[in-house]
Amino acid sequence: MADDAAATAAPPAKKSGGMMGTLVNGVGIFVLTLGAVIVGGTVNSKLHPMPDFKLDKDGKITAIAPAGSSGGHGEGEGAKGSVFYAIDPPLVVNFEDGSAVRFLQISMEVMAKDQKAVDSVQKNMPLIRNNLLLLMSNRDYQSMMSREGKEKLRAEALAEIKNVQKKQGGEDVDDVLFTSFVVQ
């Protein structure tokens, strides 16, 4: 009977690794995580190289696209060799939607083939901003929510910028891009 009791008794519990096992596991996880971060950062830097920056004569810092990129804006062949200029600060207008007052904030960039057109846009910026603000304040909320409404507004903004450039004797721009579009 004593043999039966000894046979049915549970074997003694094994000790886990204790403090040393926990420490080894922690170091192992840390090393694996560090390796993943380093490899991920290396792959990311190869896929998305950082642009160079230059300081303009007016004190603005602009990004220069790295060699081999298409302007950094994903516009394909149309953006190759183009110069971009951000209309800064973003344009903010308010408009009514029934009884509610809504706000529209748009960040825009002008695209041109050469620096002379960008310089001309910079020179005419107060007039361009004025005309764009007036153009954008006459909108209704529903049209701003659709892609077609945004594309129509973009086309009208481009026409307005070209009109100002033409009247002021400036160089023509190729396109205007919305880089941020917030309706609230």
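Rules of the game
Residues numbered from 1 in each chain as written. Predicted model: local features only at pLDDT ≥ 70, side-chain atom pairs only at ≥ 80, totals over all residues. Heavy atoms only, no water. Helix = DSSP H or I, 4+ residues; strand = E, 2+ residues; numbered from the N terminus. Expected span 1.5 Å × (residues − 1). Buried < 20%, exposed > 50% of the residue type's maximum accessible area, 1.4 Å probe, protein only. Contact = heavy atoms within 4.5 Å. Pairing = 2+ DSSP bridges. Axes fitted to C-alpha atoms, helices over the stretch in contact; angles between N-to-C directions.

Engineer: So what's going on with helix 6 (residues 147-167)? Residues and values would help.
Structural biologist: With 21 residues, helix 6 should cover 30 Å at 1.5 Å per step; its first-to-last C-alpha distance of 30 Å lies within 8% of that length. Of the residues making up helix 6, those classed as buried are Gly149, Leu153, Ala157, Leu158, Glu160, Ile161, Val164 and Gln165. Check the buried side of helix 6 and you find it contacts strand 3 (83-97), strand 4 (100-112), helix 3 (115-123), helix 4 (125-137), helix 5 (141-145) and strand 5 (175-183). Count one or two residues on from helix 6 and you reach Gly169, which has phi positive near 75°.

Engineer: Let's hear about the sheet that holds strand 5: which residues, and what values?
Structural biologist: Ordered in space as 3-4-5, the 3 strands form an open sheet in which the pairing is antiparallel. Both outer strands of the open sheet, strand 3 and strand 5, are each paired with one neighbouring strand and no more. Taking each pair of neighbouring strands and ignoring which way they run, the sheet shows an average axis angle of 20°. Relative to strand 4, strand 3 runs antiparallel, the two being bridged by 12 bridges. The partner of Val93 across the bridge, within strand 4, is Leu104. Docked against the sheet, helix 3 engages strand 3 and strand 4, running at close to 40° with respect to strand 3.

Engineer: Any chance you could break down the side chain of Ser107 for me, citing the residues and the numbers?
Structural biologist: Position of Ser107 relative to the elements: it lies in strand 4. On the accessibility criterion, Ser107 (16% relative accessible area) is buried. In contact with Ser107, other than residues within four places in its own chain, are Pro90, Leu177, Phe178, Thr179 and Ser180.

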